[in-house]
Amino acid sequence: MEANKEEIEQIVEEKQIEETREQESEPKPIETVKKKKMSEAQELIESSKELISKTNTEMEECKIGASKAAEAFDEAKRNFSNTTFKSAETLLEKLGFDYISYDEVEPFELSVDENSDEDFSVKDISSGKFTGFILALLAALVTVVGLVYLALSKLNITIDPKTLTPQTAMEQINPVLNWIGTLGGHTGGNSMVGAILLGFSALIVAWLVYALRVNLKEKKNLHIAKEIHEKSKEYSINKEDSKKEMKRIDSHLRELTKEVSNFDTILNEKVATLKRVLHIEGAFDEDKEYHPSSRKAMRETEKIMQGIEHLLNTSVTKDGKLNFQSVQSLQNARAIYDDYLARIYD
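Just so it is clear, the structure is predicted and the values come from calculations on it, not from any experiment.

We now examine a nonpolar patch on the surface. On the surface, a nonpolar cluster with roughly 600 Å² of combined accessible area is contributed by Phe-130, Phe-133, Ile-134, Leu-135, Leu-137 and Leu-138. Assignment of secondary structure puts Leu-135 in helix H4 (residues 129–154). The exposure class of Leu-135 is partly exposed, given its relative accessible area of 39%.

As structure tokens, then:
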């Protein structure tokens, strides 16, 4: 019994597998296998728009973040330079210490704008139906005029536009339609058949022109949509590099602002020491000889000031990218700060 049960289950399982395979092998409707060119083109255009929109949004967010970091750094730099640094410089001057300021080699640069001249936008594509309709009307009109002209020529009827009146025009309609009717194979002609043949001919030509116009436009649209989609992907890749660079600048600016705060703290300590030296030992004169610890405090102050001044005056960016010199000056400043802390807490 147990064996029979297993055989039955196996047979049922095999049958289900076979049915699944048959369903998968069944031909799908043409509409689901092959999309219309216009629909595919529209999908590619929409996809390109979404990609460009997402890329620009992310780029704008990076730019805003970097701009805020730049503003914070600029404010910290300005406040520090106008207060703590200036106080230290004034005290060293009063104590007769010749502080050599950082010599700026090149103009300071801080740019958080993307370095790109390209302005990529995705435009909508037209189906060509409107222009197709206009061309179809013109083709129908040309067909009607052509057949009427041919009929007039064959019937040796000359129409003078100057003497043409609605009455004379109506008199010529039946002969023209009768002759056109003979084109349909009716001996002797028939005005009704001629009118139907004339209208049908115009309709067929109009439909052919319309269909040809729309079909050519769909092919062109699909080609354009594919090109736009490829360009949008290239644009996104290029902007990805710009975003990474913008984030590097943003992170570096935040580190700079933090380091300015660190130097503000330790330089303020030195300012307090120099104030003590000035208060107790007095201002510098030719006969003044300061205590060794006081001269040491002056040298340490100079070292701190040179480190932070070099950091503040080195361009953060160069040609729109993070300046390697600024990265190096940040590392040097950190080394000075760490050394100062190490000597305090050893």
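Quick look at the side chain of Thr-301 now. By the element assignment, Thr-301 lies in helix H7 (residues 292–313). Thr-301 gets classed as buried once you look at its relative accessible area, which sits at 0%. Residues in contact with Thr-301, not counting those within four places in the same chain, are Ala-88, Leu-92, Leu-267, Lys-270 and Leu-274.

Bringing empty space enclosed by the protein into the picture now. Across all of its chains, the model carries 1 cavity of 30 Å³ or more by this definition. Counted as a void, the largest cavity has a volume near 40 Å³. What lines the largest cavity is Glu-300, Lys-303, Ile-304, Ile-336, Asp-339, Tyr-340 and Arg-343. If you list the elements that add at least two residues to the lining of the largest cavity, you get H7 and helix H8 (324–345).

One finds Leu-253, Phe-263 and Ile-308 to be the most contacted residues of the largest nonpolar core, which totals 35 residues. Where this core is concerned, the elements lending two or more residues are helix H3 (37–94), helix H6 (191–281), H7 and H8. Considering every element that reaches this core, the biggest residue donor is H6, with 10 residues. Apart from the residues within four sequence positions on either side, Phe-263 is in contact with Phe-80, Asn-268, Ile-304, Ile-308, Ala-333, Ile-336 and Tyr-337. In this structure, Ala-41, Ile-45, Leu-222 and Ala-225 belong to the second largest nonpolar core, which totals 6 residues.

The rules behind these values
Residues numbered from 1 in each chain as written. Predicted model: local features only at pLDDT ≥ 70, side-chain atom pairs only at ≥ 80, totals over all residues. Heavy atoms only, no water. Patch = residues over 30% accessible without salt bridge, like charges linked within 9 Å, V, L, I, M, F, W, Y side chains within 5 Å. Areas by Shrake-Rupley, 256 points an atom, 1.4 Å probe, with all protein chains shown as cover. Salt bridge = Lys/Arg side-chain N within 4 Å of Asp/Glu carboxyl O. Helix = DSSP H or I, 4+ residues; strand = E, 2+ residues; numbered from the N terminus. Buried < 20%, exposed > 50% of the residue type's maximum accessible area, 1.4 Å probe, protein only. Contact = heavy atoms within 4.5 Å. 1 Å grid on protein atoms, 1.4 Å probe; cavity = no way out; pocket = protein on both sides within 12 Å on 5 of 7 lines; lining within 4 Å. Points joined across faces, edges and corners; volume = space filled by probe spheres on them. Core = buried A, V, L, I, M, F, W, Y, C linked by side-chain atoms within 4.5 Å.

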